[in-house]
Amino acid sequence: MIWKIAFRNLTKNARRSVTTAMAIGIGGFAALLFGGFVTSIWFGVQTSMIQEQGNLQIYRQGYLEFGAANPDDYTIQGWDEVAALLASDPVLNQQLAVITPRIDLAGVAGNAQTGNSKTFIGSGVVPSQIDEMHKWDGWSIGQVSPASGLTDQVLDGVVIGIGMARMMGMCGPLNVADCQDRPVDEDALTEVETDFTSLVNDEAEITDLREGSVERPQLNLMAATSSGVPNIARVGIEAARPQAIRAIDNAYVMMHFEQARGLLYGDSQEATTLMLQVANPDQVDATKDRIQEVLDRAGLDLKVFHFTEVDPTFNRIFGMFTFMFIVVSIVLSIVIVFTIVNTVSMNVMERVKEIGTIRALGFRKGFVRALFLTESALIGLFGALIALSAAVVIANIVNSAGVQWTPPSNATPLTVQLMVLDNPLFAASVVGLLILISVVASVMPTFKAARLNIVESLQRA
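Residues numbered from 1 in each chain as written. Predicted model: local features only at pLDDT ≥ 70, side-chain atom pairs only at ≥ 80, totals over all residues. Heavy atoms only, no water.

I tried to follow empty space enclosed by the protein on my own but got confused; where do I start?
The method is simple in principle: a probe with the dimensions of a water molecule rolls over the atoms, and the space it marks as empty is what remains. Taken as a whole and judged by the stated rule, the model has one cavity of 30 Å³ or more. Lining the largest cavity are 15 residues, with L10, T343, N347, E375 and I379 positioned closest to its centre. Contributing elements (two or more residues each) for the lining of the largest cavity: α1 (2-12), α2 (14-53), α15 (313-350) and α17 (365-401). Here the residues of the lining of the largest cavity sort into five nonpolar, seven polar and three charged. (1 Å grid on protein atoms, 1.4 Å probe; cavity = no way out; pocket = protein on both sides within 12 Å on 5 of 7 lines; lining within 4 Å. Points joined across faces, edges and corners; volume = space filled by probe spheres on them. Helix = DSSP H or I, 4+ residues; strand = E, 2+ residues; numbered from the N terminus. Nonpolar A, V, L, I, M, F, W, Y, C, P; charged D, E, K, R; others polar.)

Looking at this structure, how should I read the environment of T225?
You can see T225 is positioned in the loop between β6 (218-224) and β7 (230-241). According to the relative accessible area criterion, T225 is buried, its value standing at 16%. Note: C-alpha distance between T225 and S17 (208 residues apart in sequence) is 76 Å. Contact partners of T225, with chain neighbours within four places excluded, come to D72, N231, L263 and L264. (Buried < 20%, exposed > 50% of the residue type's maximum accessible area, 1.4 Å probe, protein only. Contact = heavy atoms within 4.5 Å.)

It is not clear to me how the pairing of β6 should be interpreted in this structure. Could you clarify?
Within a regular strand, side chains alternate between the sheet's two faces. With respect to burial, β6 is a largely interior element, five of its seven residues being buried. As judged from the seven bridges shared by β6 and β7, these two strands associate in the antiparallel manner. Looking at β7, one finds that Q218 is bridged to G236. Turn length for the β6-β7 hairpin, with the two strands adjacent in sequence and antiparallel, is five residues, and the turn residue G228 shows positive phi of about 90°. (Pairing = 2+ DSSP bridges.)

Whenever I open this one, the pattern of salt bridges confuses me. Can you help?
Proximity of charged atoms lets side chains of opposite charge pair with each other. Evaluation of the coordinates by the stated rule reveals nine salt bridges. Here R261 ties to E258 by a salt bridge, and the two come within 2.5 Å at their closest N and O atoms. Of this pair, R261 and E258 both sit in helix α12 (residues 257-264), three residues apart, which is roughly one turn of that helix. By relative accessible area, which is 32% here, E258 ends up partly exposed. Salt-bridge contacts for E293 lead to R297; the nearest nitrogen and oxygen are separated by 3.3 Å. Taken together, the positions of E293 and R297, both in helix α13 (residues 284-297) and four residues apart, correspond to about one turn of that helix. By sharing partners, the salt bridges in this structure join D89, R290, E293 and R297 into a single network. (Salt bridge = Lys/Arg side-chain N within 4 Å of Asp/Glu carboxyl O.)

Before we go on, may I ask you to explain the confidence of the model for the protein chain in this structure?
Any segment with low pLDDT has predicted coordinates that should not be analysed in fine detail. Here the protein chain averages 86 in pLDDT, while 92% of its residues score no lower than 70. Low pLDDT, under 50, characterises residues 200-214; the stretch is placed with 21 contacts to residues that sit more than four places away or in other chains. (pLDDT = per-residue confidence, 0-100.)

Looking at this model, I keep getting lost on α17. Mind explaining?
Residues separated by three or four positions in an α-helix point in the same direction, a consequence of the helix having 3.6 residues per turn. For α17, spanning 37 residues, the distance from its first C-alpha to its last is 54 Å, which sits close to the expected 54 Å at 1.5 Å a residue. Two residues or fewer after α17 comes G402, characterised by a positive phi angle close to 70°. (Expected span 1.5 Å × (residues − 1).)

Help me understand the packing of aromatic side chains in this model?
Each aromatic ring pair is summarised here by two numbers: the centre-to-centre distance and the angle between the ring planes. Inspection of the entire model under this criterion finds 16 aromatic pairs. Just above the ring of F447 sits the side chain of R369; from NZ or CZ to the centre is 4.9 Å. (Phe/Tyr/Trp six-rings, centres within 6.5 Å; stacked < 30°, edge-to-face > 60°. Lys NZ or Arg CZ within 6 Å of the ring centre and 35° of its normal.)

Take a look at the structure:
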């Protein structure tokens, strides 16, 4: 009965009830939209990073701590045997979608045509397997990364950063938009061309790799082998792609895994890391434990890491937006609390005679308290429904508009997806919190109403 009476009281003061519900709804609407954006960050940015790095990565013990100083001491030797070992495990065979090696390397890049040269950092990957990783969509959000730009058949193809193209004078030959070539140093041109050309021509094996690729812009890469001997390769640039960090963009070269292996290790089957992609993201932790168990059982000096342990970028991005969401939610909650307190206080002042009449009819203080709290709960419920409905409508409009933004971890933009209902627990929590705030905010004025003296209430009316 009390719910029916509370609803009638709200309809009698329809204007104030609607105003209060709208205030609650606006606050909840903002929280739901921002929360939907944070949810999309959790799924979208994480998906993007998993497509590039895999869910899990295997390194030699101590690589993350000491490998940067001397990476050759921490390579995975016989990586193909390790990959075969993992693939042969009946449990991992069902859970792992991709197992692919990567080589991280650095050296000097030069363009004999323009006389430009600079240090480079790069990675050697298996193109077909990287392209397969880029299709991963474990949470079914429809996000797919572009292909690498390399193929398994062309061993001497590379993809460079936009900044690297600018430094090497490749903007024109590659037709890169909004990119201006570095001025050519005519004095150093002859010397650089002679040095690189003589080194390349002395490498018969590298010369064979160049056949059929004369029309592509050429780049000379020099790196030190694991024994410290300089090695050089002439490669053809397939494309220039932007990188997320300027320093990396100015030096990045991605090449075929076999090209990188030939530069550093010759015929030795060595790799910096094995990247593993898990088909079901809910099974990542279990898969990680299983992989470590298989590696330890085989007596291998290897350790498996979650990609966030190797690269903390995702945790930092998500932590930043989570903190912003908490601050915004606190501010909105304070606004809602003051709105409810003001509304209920005004309600009490206007209904003093009604309160006195209710008490004179024999109803206890507890009934008065329950009546006002019920009214506040209903207002909170109506406000929450307004917030949820408006958030769903606006989210659908924004999602269908294809608005894009570029997170700090990405070089390419992601499509904004406001995932309001994709996280049911979050949406339900916001609705419940709005109702709870409405009830809690009305406690003080409600108890004040219940303590009013019956005779004084009737006289004041």
